[in-house]
Amino acid sequence: MRVSLLNMEEKHLERVSALDFKLAQRPWSVSMFKEELRLRSFCRLLMNEYGVVVGYGISRLQVDEWHLLTVGVAREFQRQGYGFQLVADVIRKAALGYNRSVLLEVRASNVSALTLYKKMGFETLYIREGYYKAPPLAEDAVVMSRRVQENDRKIFL
Ligand SMILES: CC(C)(COP(=O)(O)OP(=O)(O)OC[C@H]1O[C@@H](n2cnc3c(N)ncnc32)[C@H](O)[C@@H]1OP(=O)(O)O)[C@@H](O)C(=O)NCCC(=O)NCCS
């Protein structure tokens, strides 16, 4: 299977949002994705040769730090390195732009994402207790950051 890393465009949004609906505990609406395109956020897509969306990642630059707002890989394509690729993509973008770091927040129970981020050098900054409100259980958010290094400009995707 050939998978390409592309800039997300409006024509992709229905497919991206359908995938996000399957993956995320709090899925985004199409208009939320649209807003990120409008803001010229870093909206990226992994798509195979049949037009199937394999994964997506959206990050927004705030001052000198990229916030990874959402990332997901379709279940049938997980554990094949695509999540790593999407996160590496924004790290490289930050390095090329001489930005300081990449920041994200993740549910404390999300073992796959936490493992991925730690593997990629993210460190916990702090815990936001009860940040995700989903009665009857609230869940903590782990806020993580990775400092960008000069070498990250050479990340090969
Ligand atoms: C988190 C997510 C993006 C990872 O995508 P992925 O393509 O499966 O990740 P990769 O194949 O690149 O995995 C890289 C490494 O992350 C870790 N990892 C990924 N999934 C894991 C799992 N289920 N359990 C433990 N470690 C895991 C492993 O260290 C893995 O390396 P390995 O396969 O060599 O052991 C994917 O699980 C996903 O879309 N989850 C649902 C949406 C989500 O939670 N997004 C994050 C919100 S903050």
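Up top is the structure.
Things to note about the nonpolar core
Working step 1: Judged by nonpolar contacts, the single largest core of 32 residues is most densely connected at V16, L45, V53, Y56, L68, V90 and V102.
Working step 2: If you list the elements that add at least two residues to this core, you get α1 (13-23), β2 (42-48), β3 (53-62), β4 (65-73), α3 (82-96), β5 (101-107) and β7 (137-147).
Working step 3: When residues of this core are assigned to their parent elements, the largest contribution, six residues, is made by α3.
Working step 4: Setting aside anything within four residues of it in sequence, one finds L68 in contact with G57, S59, V87, V90, V102 and L104.

Observations concerning the environment of G55
Working step 1: By the secondary structure assignment, G55 is in strand β3.
Working step 2: The sequence separation of G55 and G130 amounts to 75 residues, and the corresponding C-alpha distance is 28 Å.
Working step 3: Look past the residues within four positions of G55 in its chain and what remains in contact with it is L46, G72, V73, A74, F77, Y82, G83 and L86.

A word on the packing of α1 against helix α2 (residues 30-38)
Working step 1: Contact geometry for α1 and α2: axes closest at 9 Å, N-to-C directions at 125°. When the interaxial angle is binned, α1 and α2 end up oblique. The handedness of the crossing between α1 and α2 comes out as right-handed. Contacts from L13, E14, V16 and S17 in α1 reach V30, F33 and K34 in α2.
Working step 2: For the contact of α1 with α2, the per-class residue count stands at four nonpolar, one polar and two charged.

What counts, and where the lines are drawn
Residues numbered from 1 in each chain as written. Predicted model: local features only at pLDDT ≥ 70, side-chain atom pairs only at ≥ 80, totals over all residues. Core = buried A, V, L, I, M, F, W, Y, C linked by C-beta atoms within 7 Å. Buried ≥ 20, exposed ≤ 12 C-beta atoms within 10 Å, placed from the backbone. Helix = DSSP H or I, 4+ residues; strand = E, 2+ residues; numbered from the N terminus. Contact = placed C-beta atoms within 7 Å. Axes fitted to C-alpha atoms, helices over the stretch in contact; angles between N-to-C directions. Parallel < 35°, antiparallel > 145°, perpendicular 65-115°, else oblique. Left-handed = near helix turned anticlockwise from the far one by under 90°. Nonpolar A, V, L, I, M, F, W, Y, C, P; charged D, E, K, R; others polar.

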